[in-house]
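So the chains spell out like this:
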Amino acid sequence: MRDFLPISEEDMHNRGWDSVDFAIITGDAYVDHPSFGTAIVSRVLEAEGFRVGIIPQPDWKDPESVKTLGRPKLAFLINAGNVDSMVANFSSKSKRRSKDQYSPGGIAGKRPDRAIIVYTSLAKQAYKGIPIIIGGIEASLRRLSHYDYWSDSLRRSILTDSKADMLIYGMGENPFWEISRRIKAGEEIKNMKDIRGTVVKSSQLPEGDLITLPSYEEDLADKKTFAKSFAIQYRNTDPFSAKMLVEKTGTQYMIQNPPAKILTTEEMDRVYALPYMGTYHPCYEKDGGVPAIKEVEFSLISARGCFGSCNFCALTFHQGRIIQARSHQSIIDEAIRLTKKPNFKGYINDVGGPTANFRQPACDKQLKSGACQDRRCLFPKPCPNMKVSHEDYLELLRKLKAIPGIKKVFIKSGIRFDYLLSDSSQEFFHELCQHHISGQLKIAPEHICARVLDLMGKPRPEVYRKFEKMFKEENERIGKKQYLIPYLISSHPGSDLKAAIELAEFLRDEKFIPDQVQDFYPTPGTVSTCMYYTGYDPLTMKKVYVPGTEEEKNMQRALLHFHKPENREKVRKALILAGRRDLIGRSPKALIR
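Presented here is an overview of the structure given in this document. Only a predicted model underlies this, so the values are computations on that prediction, with no experimental measurement involved.

**What about the nonpolar core?**
Soluble, globular proteins show a tendency: their nonpolar side chains are buried together.
Phase 1: Grouped together as the largest cluster of nonpolar side chains are 57 residues, with contacts concentrated most on Val351, Leu400, Phe428, Leu441, Phe467 and Leu559.
Phase 2: Leave out the neighbours within four places in its chain, and Leu441 touches Ile415, Leu432, Phe467, Phe471, Tyr483, Leu484 and Ile485.
Phase 3: Among the nonpolar cores identified, the runner-up in size contains 47 residues, and Phe50, Ile179, Leu210 and Val296 belong to it.

**Examining the packing of aromatic side chains**
Phase 1: Evaluation of the coordinates by the stated rule reveals 25 aromatic pairs.
Phase 2: Taking 5.8 Å as the distance between ring centres and 65° as the angle between the ring planes, the aromatic pair formed by Phe429 and Phe467 counts as edge-to-face. Residue Phe429 is located in helix α17 (residues 427–435), and its partner Phe467 is located in helix α19 (residues 461–478); the two are separated by 38 residues in the primary sequence. Like Phe467, Phe429 is buried.
Phase 3: Here a set of aromatic residues connected by ring pairs shows up, and it is made of Tyr147, Tyr149, Trp150, Phe226, Phe520, Tyr521, Tyr532 and Tyr533.
Phase 4: Here the basic side chain of Lys67 rests over the ring of Tyr127, its NZ or CZ set 5.9 Å away from the ring centre.
Phase 5: Lying over the aromatic face of Trp177, Arg270 brings its terminal NZ or CZ to 4.5 Å of the ring centre.

**A few points about the sheet that holds strand β20 (residues 517–519)**
Phase 1: Pairing is parallel across the open sheet formed by 3 strands, whose spatial order is β18-β19-β20. Edge positions in the open sheet fall to β18 (440–446) and β20, since each of these has one partner strand only. The average undirected angle you get between the axes of adjacent strands in this sheet is 20°.
Phase 2: Strand direction decides the pairing type here: β18 and strand β19 (residues 483–490), joined by 5 bridges, are parallel. Paired with Gln440 across the strands is Tyr483, a residue of β19.
Phase 3: Contacting β18 and β19, α19 crosses the sheet at an angle of about 160° to β19.
Phase 4: Strands β19 and β20 of the sheet are contacted by helix α22 (residues 550–560), whose axis makes an angle of about 175° with β20.

**Details of α19**
Phase 1: Spanning 18 residues, α19 covers 26 Å between terminal C-alpha atoms, matching the ideal 26 Å at 1.5 Å per step.
Phase 2: When α19 is considered as a whole, its buried residues turn out to be Pro461, Tyr464, Phe467, Glu468, Phe471, Glu474, Asn475 and Ile478. End-on, the buried residues of α19 take up no more than an arc of 155°, which puts them together on one face. Away from its buried face by more than 90 degrees, α19 exposes Glu462, Lys466, Lys469, Lys472, Glu476 and Arg477.
Phase 3: Contact partners of the buried residues in α19: α16 (417–421), α17, β18, α18 (450–456), β19 and α20 (497–510).
Phase 4: Downstream of α19 by one or two residues, Gly479 has phi in the positive range, about 75°.

**Points about the layout of surface pockets**
Phase 1: Here the second largest pocket defines a volume of roughly 510 Å³.
Phase 2: Taken together, 27 residues form the lining of the second largest pocket, with Asp374, Arg375, Arg376, Phe379 and Leu539 sitting closest to its centre.
Phase 3: Class assignment of the residues belonging to the lining of the second largest pocket gives a composition of 9 nonpolar, 8 polar and 10 charged.

About the cut-offs
Residues numbered from 1 in each chain as written. Predicted model: local features only at pLDDT ≥ 70, side-chain atom pairs only at ≥ 80, totals over all residues. Heavy atoms only, no water. Core = buried A, V, L, I, M, F, W, Y, C linked by side-chain atoms within 4.5 Å. Buried < 20%, exposed > 50% of the residue type's maximum accessible area, 1.4 Å probe, protein only. Contact = heavy atoms within 4.5 Å. Phe/Tyr/Trp six-rings, centres within 6.5 Å; stacked < 30°, edge-to-face > 60°. Helix = DSSP H or I, 4+ residues; strand = E, 2+ residues; numbered from the N terminus. Lys NZ or Arg CZ within 6 Å of the ring centre and 35° of its normal. Pairing = 2+ DSSP bridges. Axes fitted to C-alpha atoms, helices over the stretch in contact; angles between N-to-C directions. Expected span 1.5 Å × (residues − 1). Arc of directions from axis to C-beta. 1 Å grid on protein atoms, 1.4 Å probe; cavity = no way out; pocket = protein on both sides within 12 Å on 5 of 7 lines; lining within 4 Å. Points joined across faces, edges and corners; volume = space filled by probe spheres on them. Nonpolar A, V, L, I, M, F, W, Y, C, P; charged D, E, K, R; others polar.

Below is the structure:
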């Protein structure tokens, strides 16, 4: 039966079910599209022969709201949604958001703060003794002790705070395939303590090849200790080389089993061929739908993982550094299905992933022994062992363009421009500018100050300038007016007022008024967040300057919009504090007059 999975007792009866095996509680509206983790997990388990139902955005004040499908036979599976609930609910300035793209009508307020903890409590109140497995981005990045920006404190593993039985981190297919196999063999979930890609609790220290981390209490007492612990965790995210990590909290041990193995191309294809409906549940039509579908409904996921390893990004901690790609045929089959949808207008919005132009592992070694623990693929310079090629991606794009009914194939995922520059063939770059940009190409230099870029794990400013020059020349050659739209971050660790002024001068010289600017947001699971909390770079243990006051953060942000009259006094104060009065006055180089 190709249909949405049950969200009500009536839906179950229509399928002839009297119960479900797994009930998934999620902080998102129910969107049955493979860009949503709930959709993937539910369809994977369905394909294994289990009955799965969805409880989207239950009323967190009422335990009865999680009883809509009855007591699941096997377990509740709980996630906060596609976004950490605190990120979904609050801006980087800790102001409550007025919109939620993953909720019906985009209306905020339908998911609670710290959703996993709240939902787990609801499930435990509703049904005593029910096994509970938590997962998704919120659980994955909070799997061990972590800094929590919203309470400005170091929190324990969310497995402890939620009192769940198991935590799945990273991508969930392999752990759930293993759980499914063992359930069918008669094993109870509570006895599954050794599954890769999971965190479990124990009152005893396990045996075997493991690394004992500092305890939560030791991390809490000393920020430097936490920085060292985070570095160990960061270096144990690769499925080939990572060891079991054990962190004591109180009288219990949090046991992080090694990461799940990467998916093969065949496994990726199997996951994306499952019978997704490709849109939101029709019950949301009365609310105007779910806004998040607009960006992904006519987009194609090409690959997972990212070897870019930016310090402010949690992908290394969640998806890992090894690229896992779908086959061309799998993607083409999905594209053909899209052309048959009645609202398809002929445009594929994106063909990509975390980084659009990563379609293969960085080097042959990664598929044999994993990614290097102490060496990055692109930073500070591209590794000489890295295989740089866009041939496969280019071939895929050409095949998609040739499908009847498709007028245009765009690329809206981020392009890693330093990787592109390393390609000896510029054939992909030529076709990118010619066919796959709709007037603007969004890229992420993030900053222009070298010392800040070093702490971000991003390429030096001259690399961006080289790409900028090449982009301009290529568009002049083909006679197109297309523009780069750079993403920028203010107040990142290492950025003082002088660095912010250097970035403002760059914007002045470029005659560019940025739209895509955000204050650094210290979310769990990133190197940069560890810097923000501890004042140390965990990978070098060198001290790092951290913009510490709201006033300074406001000045840094104002400098990036120095042209706005309302920012004049903040900019003036920043320039005076930094000793840059030369940028105040009638000079053509002045930021304010």
